[in-house]
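# Structural features, examined
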Amino acid sequence: MKKMKKSALDLLDNIYSLAYWMTGSEDVSSDLVYCTYLSASMESEERVLLKSFRECYVNRFGQYTDFCTGEKSDQCHLQPLDSLIPWAADMKLSVLLSEISGLKHLQIAEIVGKPVETVRLWLLWGRKILSLANQNPVVLGHLKAS
């Protein structure tokens with residue numbers, strides 16, 4: 001069965017969900033969606049639109065996304081994960097693209113601009129971090145499963 005291509009309008013809810021999970025804020029999510037659609041056209045394919053979203057996010061917030069949020073963030077020091085902080089935004093986005101958008105590893109690698117092996121490693125660690133979030137509500141704040 002041939003997979004149907006989604007239009008930019010079909011992806012609006014998906015992009016908003018990604019933005020919300022990345023930021024945890026409705027206002028910021030709306031701004032990111034607006035920025036994404038300004039920098040891409042309505043005729044853009046899914047890959048181009050998601051690349052545009054990534055660029056808007058990284059330009060606005062950088063790669064240094066906190067894994068720990070909230071008042072007790074000083075208590076949340078994850079020593080082995082500290083080396084992953086420079087890639088936190090792409091790791092978080094990779095997990096969300098896999099879980100929310102259902103994209104394959106190669107598609108995610110094209111969007112974040114990294115080798116497939118790196119994406120696989122990020123997915124492994126990102127999912128482990130999410131499982132930690134289920135055990136400790138301080139970890140990952142708004143990415144904690146409800």
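As a reminder, the structure under discussion sits directly above these lines.
Residues numbered from 1 in each chain as written. Predicted model: local features only at pLDDT ≥ 70, side-chain atom pairs only at ≥ 80, totals over all residues. Heavy atoms only, no water.

What follows is about a nonpolar patch on the surface. On the surface, L9, L12 and M42 cluster together into a nonpolar patch covering about 280 Å² of accessible area. Taking the relative accessible area as the measure of exposure, L12 reaches 33% and is therefore partly exposed. (Patch = residues over 30% accessible without salt bridge, like charges linked within 9 Å, V, L, I, M, F, W, Y side chains within 5 Å. Areas by Shrake-Rupley, 256 points an atom, 1.4 Å probe, with all protein chains shown as cover. Salt bridge = Lys/Arg side-chain N within 4 Å of Asp/Glu carboxyl O. Buried < 20%, exposed > 50% of the residue type's maximum accessible area, 1.4 Å probe, protein only.)

Further remarks concern helix α3 (residues 46-61). Over its 16 residues, α3 runs 22 Å from end to end, which matches the ideal 22 Å to within 8%, given 1.5 Å per residue. What α3 keeps buried is the set E46, L49, L50, S52, F53, R54, C56 and Y57. Along its buried surface, α3 packs onto α1 (12-23), α2 (26-39), α4 (88-99) and α5 (105-112). Looking one or two residues beyond α3, the residue adopting positive phi is G62, at roughly 75 degrees. (Helix = DSSP H or I, 4+ residues; strand = E, 2+ residues; numbered from the N terminus. Expected span 1.5 Å × (residues − 1). Contact = heavy atoms within 4.5 Å.)

A word on the state of the cysteines. For the structure on display, the rule yields 1 disulfide. Linked covalently through their sulfurs, C35 and C56 form a disulfide whose S-S length is 2.4 Å. Here the S-S torsion is close to -85 degrees, and the disulfide linking C35 with C56 is therefore left-handed. Here C56 lies in helix α3 and C35 lies in helix α2, a separation of 21 residues in the sequence. The exposure class of C35 is partly exposed, given its relative accessible area of 31%. (Disulfide = S-S within 2.5 Å.)

Closest axis-to-axis distance for the α1/α2 pair is 8 Å, and the angle between their directions is 130 degrees. The angle between α1 and α2 places the two elements in the oblique class. For α1 against α2, the interelement crossing comes out right-handed. Contacts from L12, I15, Y16, A19, Y20 and T23 in α1 reach E26, V28, S29, S30, L32, V33, T36 and Y37 in α2. Residue composition of the contact of α1 with α2, by class: 9 nonpolar, 4 polar and 1 charged. (Axes fitted to C-alpha atoms, helices over the stretch in contact; angles between N-to-C directions. Parallel < 35°, antiparallel > 145°, perpendicular 65-115°, else oblique. Left-handed = near helix turned anticlockwise from the far one by under 90°. Nonpolar A, V, L, I, M, F, W, Y, C, P; charged D, E, K, R; others polar.)

Here we take up the pattern of salt bridges. Going through the model one piece at a time under the given rule, you end up with 5 salt bridges. Of the charged contacts, one joins D90 and R54 as a salt bridge, the two residues approaching to 2.7 Å between their closest N and O atoms. You can see D90 sitting in helix α4 and its partner R54 sitting in helix α3, a full 36 residues away along the chain. When its relative accessible area of 18% is taken as the criterion, R54 is described as buried. In this structure, the salt-bridge partner of E99 is R127, at a minimum N-O distance of 2.8 Å. Of this pair, E99 sits in helix α4 while R127 is found in helix α6 (residues 116-135), placing the two residues 28 residues apart along the sequence.

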